[in-house]
Amino acid sequence: MACGLIASNLNLKPGECLRVQGEVAPEAKSFSLNLGKDSDNLCLHFNPRFEALGDVNTIVCNSRNAGAWGVEHRESTFPFLPGSVMEVCISFDETELTIKLPDGYLFKFPNRLNLEAINYLAADGDMKIKCLALD
C-alpha cells in the first residue's frame, strides 16, 4: 500500500498548517512523511513505526541537512491503528515544528534547518494519502 507521493513547490509558510489525511494499511509496519527543501534537506522526517527497525508503536522524528541525518527524537504517544483513517497537522515557525496527532496530542520538533518555507513533501510506506490541505 506504499504510495510514494512526492510534492514540490508547496510554499508552506510559517503559521500555516499542512493537513495530511490518510488510510493506514491493515498490516502496517511503518510510514513516513518528509518535509523540507528537497530530499537531502528535510526539516522533518516523521516516521510512525508500528513494528519496524526495532521500534514498536513509536514515532521517530529526525532532520536531514545536506544529506546527513541528525539526532533522532522518539515520541511514545502513538495514536495510529492499522486499518484506520488518520490525520496529522504540521505547522512551523523559525525555531520549531508543531505536530498535531489524531488524538489531539501535540509535540514539538526543532526547526534545525531554520527554513522559512517548506516546499517539499514526500510520503511513503504503509499509508495511502487521501487528502492534503494547506490551512
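Residues numbered from 1 in each chain as written. Predicted model: local features only at pLDDT ≥ 70, side-chain atom pairs only at ≥ 80, totals over all residues. Heavy atoms only, no water.

The protein chain is annotated in an unreviewed UniProt entry as Galectin from Leptonychotes weddellii.

1. Things to note about the sheet that holds strand β8 (residues 85–92)
Our working definition: Each pair of strands is called paired provided DSSP finds at least two bridges between the two strands. Strands are runs of DSSP state E lasting at least 2 residues, helices are runs of H or I lasting at least 4, and numbering of each runs from the N terminus. As a rule, the C-alpha atoms of each element are fitted with a line to give its axis, helices using only the stretch in contact, and angles between N-to-C directions run from 0 to 180 degrees.
Strand order in the open sheet made by the five strands is β10-β9-β8-β2-β12, with antiparallel pairing throughout. With partners counted over all chains shown, the strands left at the sheet margins are β10 (106–110) and β12 (127–134), one partner each. In this sheet, adjacent strand axes meet at a mean angle of 20° when their direction is disregarded. Sheet topology places strand β2 (residues 17–24) next to β8; seven bridges connect them, and they run antiparallel. From the neighbouring strand, R19 faces β8, where its bridge partner is C89.

2. Remarks on the environment of L44
Rules: The buried label applies to any residue whose accessible area, calculated with a 1.4 Å probe on protein chains only, is under 20% of its type's maximum; exposed applies above 50%, and partly exposed to all values in between. By definition in these notes, contact holds between two residues if any of their heavy atoms fall within 4.5 Å.
Tracing the backbone shows L44 in strand β4 (residues 41–52). Accessibility expressed as a relative area gives 0% for L44, which makes it buried. Sequence separation between L44 and P14 is 30 residues, and the spatial gap between their C-alpha atoms is 14 Å. Every residue in contact with L44, bar those within four places of it in the chain, is listed here: L33, N34, L35, C61, N62, I90, L97, I99 and F109.

3. A look at the nonpolar core
Our working definition: Residue types Ala, Val, Leu, Ile, Met, Phe, Trp, Tyr and Cys, when buried and joined through side-chain atoms within 4.5 Å, form a set referred to as a nonpolar core.
Counting 35 residues, the largest nonpolar core has L33, L44, F46, F80, L97 and I99 as its most contacted members. Residues contacting I99, with those up to four places away along its chain left out, are L44, F46, V88, C89, I90, Y105, L106, F107 and F109.

4. Remarks on the pairing of strand β9 (residues 96–100)
In this structure, β8 lies alongside β9, joined through four bridges in antiparallel fashion. Note that in β9 the partner of C89 across the bridge is K100. In textbook terms, the turn of a hairpin is the stretch between consecutive antiparallel strands, and for β9 and β10 this stretch comprises five residues, one of which, G104, has a positive phi near 90°.

5. Examining the UniProt feature "domain: Galectin" (unreviewed entry) in the protein chain
This is how it is decided: UniProt positions are given in the numbering used here, feature names are shortened, and annotations may be inferred rather than shown by experiment.
In the numbering adopted here, UniProt assigns the feature "domain: Galectin" (unreviewed entry) to residues 4–135. A helix fraction of 0% and a strand fraction of 60% characterise residues 4–135, whose end C-alpha atoms lie 23 Å from each other.

6. Quick word on the packing of aromatic side chains
Note the cut-off: A pair of Phe, Tyr and Trp rings is counted when the ring centres sit within 6.5 Å of each other, with Trp represented by its six-membered ring. The angle between the planes then sorts it: under 30 degrees is stacked, over 60 is edge-to-face, the rest tilted.
Tallied over the full model, the rule gives five aromatic pairs. A ring pair is formed by F46 and F80, whose centres lie 6.3 Å apart and whose planes are at 70°; its orientation type is edge-to-face. Of this pair, F46 sits in strand β4 while F80 sits in the loop between β7 (73–75) and β8, placing them 34 residues apart in sequence. Exposure remark for F46: the relative accessible area of 0% places this residue in the buried category. Residue class for F80 comes out buried when judged on its relative accessible area of 3%. Of the aromatic side chains, those joined through ring pairs into one cluster are F31, F46, F50, F78 and F80.

7. Focus: the pairing of strand β5 (residues 55–65)
Here β4 pairs with β5 via eight bridges, running antiparallel. Considered in β5, the bridge of F46 is made with C61. Following β4, the chain reverses through two residues before pairing antiparallel with β5; L53 in that reversal takes a positive phi of roughly 50°. When β5 meets β7, the two strands line up antiparallel, connected through three bridges. Looking at β7, one finds that V60 is bridged to R74. Sheet topology places β5 next to strand β6 (residues 68–69); two bridges connect them, and they run antiparallel. Across the sheet, residue R64 finds its bridge partner in β6, namely W69. Connecting the antiparallel pair β5 and β6 is a turn made up of two residues, with A66 showing a positive phi of about 55°.

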